[in-house]
Amino acid sequence: MTDNPAATNDVAVSLRARINTGQPHTARIWNYWLGGKDNYEVDRAAGDQIRQLHPGIGEYARADRLFLGRAVRHLVSEAGIRQFLDIGTGLPTADNTHEVAQRIAPESRIVYVDNDPLVLAHARALLTSTPEGRTDYLDEDLRNVDAILEHAARTLDLSEPVALMLLGVVIFVGDEEDPYGLVRQLTDRLPSGSHLVLSHTITSPSMPDVDEAVKFWNEHGTPKLTQRAPEDVARFFDGLELLEPGVVSCSRWRPEHDHGAVPEEVAMFGGVARKN
């Protein structure tokens with residue numbers, strides 16, 4: 001389902017026109033690092049070059065995905081959340097938000113949002129649902145808050161708590177576009193009891209190879225991304241009740257089966273917070 005007129009007249013033609021196979025794209029490279037098949041040679045070449053600059057890049061792609069699973073399981077099992085607004089969905093892979101949530105609570109409802117034409121082409125994989133629940137997909141940009149919430153209200157009851165999922169997407173909003181204001185617009189319009197789940201690539205003096213990889217990406221790939229320091233990532237949760245252990249490496253947010261060992265830190269930090 002899409003509100004994008006360009007994608008409704010002739011879906012196949014419009015999607016082909018929007019997919020640039022000559023330039024690497026972040027969603028397809030992420031898919032490549034996660035072992036998926038929805039990518040092109042140009043994405044694999046760029047992904048390999050980035051991995052040479054930062055050998056651990058595949059690990060933080062996986063850490064971010066596992067963080068999603070742990071956060072959703074907590075929200076469903078412990079916080080009683082049954083509604084999810086997942087913006088910046090990315091290409092479908094194993095354990096998408098609706099699969100994790102509906103495995104525990106089949107009545108869960110999920111709205112996915114992304115503006116990548118390749119994600120739209122594979123949206124059917126995101127629209128499977130249990131009979132008790134429901135999923136929907138919107139072809140839209142994070143910056144268009146009104147359009148997102150208007151569409152989401154067709155599937156979600158916005159008077160009841162919602163989990164807002166922003167995993168690895170705010171990195172594509174530059175400082176000049178007021179990313180903190182965008183996130184605040186979304187959380188302000190959700191009711192008390194809602195939660196924000198957010199992850200973000202960081203810059204840190206202890207991880208100089210990450211900066212080199214991001215520099216390479218911004219010179220060759222699309223869309224461009226903005227790194228932020230951990231304390232700047234934490235600012236996205238201002239005004240909300242940040243759950244333990246706070247904003248940390250995604251690999252260290254409530255890890256499972258760690259046998260007492262501290263997981264290796266990755267350059268993707270995340271957190272979960274409640275709106276009171």
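Data block above holds the structure.
Residues numbered from 1 in each chain as written. Predicted model: local features only at pLDDT ≥ 70, side-chain atom pairs only at ≥ 80, totals over all residues. Heavy atoms only, no water.

Moving on, we come to the pattern of salt bridges. All chains considered together, the criterion is met by 9 salt bridges. In this structure, the salt-bridge partner of arginine 143 is aspartate 141, at a minimum N-O distance of 2.9 Å. Residues participating in the shared-partner salt-bridge network are Asp141, Arg143 and Glu177. (Salt bridge = Lys/Arg side-chain N within 4 Å of Asp/Glu carboxyl O.)

Along the chain, isoleucine 29 falls in helix H2 (residues 26-33). On the accessibility criterion, isoleucine 29 (2% relative accessible area) is buried. Separated by 153 residues in sequence, isoleucine 29 and leucine 182 have C-alpha atoms that sit 26 Å apart. With sequence-adjacent residues up to four places away left out, isoleucine 29 is seen in contact with Pro24, Asp43, Ala46, Gly47 and Trp217. (Helix = DSSP H or I, 4+ residues; strand = E, 2+ residues; numbered from the N terminus. Buried < 20%, exposed > 50% of the residue type's maximum accessible area, 1.4 Å probe, protein only. Contact = heavy atoms within 4.5 Å.)

Attention now goes to the nonpolar core. By size, the foremost hydrophobic cluster in this structure holds 48 residues, and its most contacted members are Leu85, Ile87, Leu166 and Leu198. The greatest single-element share of this core, amounting to 5 residues, is contributed by helix H9 (residues 208-220). Each residue touching leucine 198, except ones within four places of it in the same chain, is listed here: Phe67, Leu166, Val170, Val183, Val233, Phe236, Phe237, Phe269, Gly270 and Gly271. (Core = buried A, V, L, I, M, F, W, Y, C linked by side-chain atoms within 4.5 Å.)

Here the focus is the packing of aromatic side chains. By the definition in use, this model includes 2 aromatic pairs. Here arginine 235 stacks its cationic end above the ring of tyrosine 180, 3.8 Å away from the centre of that ring. (Phe/Tyr/Trp six-rings, centres within 6.5 Å; stacked < 30°, edge-to-face > 60°. Lys NZ or Arg CZ within 6 Å of the ring centre and 35° of its normal.)

Quick look at unusual backbone geometry now. In this structure, proline 245 follows glutamate 244 across a cis peptide bond, with omega equal to 5°. Within the element layout of this structure, proline 245 appears in the loop between strand S6 (241-242) and strand S7 (248-249). For aspartate 178, which is not glycine, the phi torsion reads 55° and is therefore positive. Checked against the element boundaries, aspartate 178 lands in the loop between strand S4 (163-167) and helix H8 (179-188). Located in the positive-phi region is arginine 254, a residue other than glycine, with phi close to 45°. As for its position among the elements, arginine 254 is in the loop between S7 and strand S8 (268-274). A relative accessible area of 34% places arginine 254 in the partly exposed class.

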